[in-house]
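Summary of structural features
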Amino acid sequence: MRLPLSILISITLLSCSKETEHWTNLLDANLSQWDSYLSYRHKEGYNGDQPKDDQGNLIEPIGSNKDQYGVFTVVEENNEQVLRVSGEIYGCISTKTEYENYHLRLKVKWGDNVHPPREKLLKDTGILYHSVGPNGAEYWRSWMLSQEFQIMQGHMGDYWSQATFCS
């Protein structure tokens, strides 16, 4: 199963087996274990339709592995590699390897910046797991069909089914 993640500090994965427990660190300076996908710079009033330019032509999403904006980067904090997500463009990262029977361990820390269309809203992200199909399949056109563990400023843990996905 693919596991897109956002706004995370130290990401590790435990493969469960009866023989051994082995934690795998999924972060390195180049995000070599991840694919990225960027959608659009959403604006206030977005209604779920594919955005159009001033002439009414459909705008294509930025796409896969085209993060020239530095939305997803790895920085070092307290001698630990940390995934930094700018939040300026909706998108996701997905592990290149599929995992099953795993435990995910992570830490979350919010930054100070906010971007449209969330300037007046709580900061909001999530862990999308058991993801299938192409990116851009849901309302924000930013990630795959999936299950979501909600991570929102002030509370965590709500469950969301992205794009009516059932596993």
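Position numbers for residues start from 1 in each chain and track the written sequence from start to end. Restriction of local features to residues with pLDDT of at least 70 applies here, the model being predicted, together with a cutoff of 80 or more for giving and counting side-chain atom pairs; totals for whole chains, interfaces and linings are based on all residues. The basis for every side-chain value is the complete set of non-hydrogen atoms in the structure, without hydrogens or water.

What to know about the overall build of the chain
The criterion, for reference: In DSSP terms, a helix is any run of H or I states spanning at least four residues, a strand is any run of E spanning at least two, and both are numbered starting from the N terminus. Shrake-Rupley sampling with a 1.4 Å probe provides the accessible areas, and residues are treated as covered by the protein chains on show and by no other component.
Along the backbone of the chain there are 0 helices and 11 strands. Overall, the chain shows an N-to-C arrangement of helices and strands of β-β-β-β-β-β-β-β-β-β-β. As presented, the chain carries roughly 9900 Å² of accessible surface, and 48% of it is formed by carbon and sulfur atoms.

Focus: the confidence of the model for the chain
Low pLDDT means the predicted coordinates in that region are not meant to be read closely. Quick reminder of the rule: Residue-level confidence of the predictor is summarised by pLDDT, bounded by 0 at the bottom and 100 at the top. Contact definition: two residues touch when any of their heavy atoms are within 4.5 Å.
Per-residue confidence for the chain averages 84 on the pLDDT scale, and 86% of its residues sit at or above 70. Put simply, strand β1 (residues 12–16) is where the chain has its lowest mean pLDDT, 53, and strand β4 (residues 63–64) is where it has its highest, 96. The model gives residues 1–10 a pLDDT under 50, and that stretch makes 65 contacts with residues more than four places away or in other chains.

Some points on the nonpolar core
For clarity, the threshold we go by: Here, nonpolar core refers to any group of buried Ala, Val, Leu, Ile, Met, Phe, Trp, Tyr and Cys residues whose side-chain atoms link them within 4.5 Å. Under the scheme applied here, a residue whose accessible area is under 20% of the maximum for its type counts as buried, over 50% as exposed, and between as partly exposed, the area being computed with a 1.4 Å probe on protein chains only.
Judged by nonpolar contacts, the single largest core of 14 residues is most densely connected at L27, L31, W34, V71, F72 and L83. Looking at this core, the elements with two or more residues in it are β3 (34–38), β5 (72–77) and β6 (80–85). In this structure, Y37, Y90, L128 and W143 belong to the second largest nonpolar core, which totals 5 residues.

Quick word on the layout of surface pockets
Defined as follows: Only protein atoms enter the calculation, which uses a 1 Å grid: trapped sets of points that fit a 1.4 Å probe without letting it out are cavities, open sets showing protein on both sides within 12 Å along at least five of seven lines are pockets, and any residue with an atom within 4 Å of a point is a lining residue. Grid points are joined across faces, edges and corners, and a volume is the space filled by probe spheres set on the points. Throughout this entry, Asp, Glu, Lys and Arg are counted as charged residues, while Ala, Val, Leu, Ile, Met, Phe, Trp, Tyr, Cys and Pro are counted as nonpolar. The remaining residues, Gly among them, count as polar.
Size it by volume and the second largest pocket reaches roughly 310 Å³. Residues that form the lining of the second largest pocket fall into these classes: 5 nonpolar, 5 polar and 5 charged.

Section: the side chain of R118
For R118, the position within the fold is in the loop between β8 (102–105) and β9 (124–132). According to the relative accessible area criterion, R118 is buried, its value standing at 18%. Apart from the residues lying within four places of it in its own chain, the contact partners of R118 are Y90, D124 and M152.

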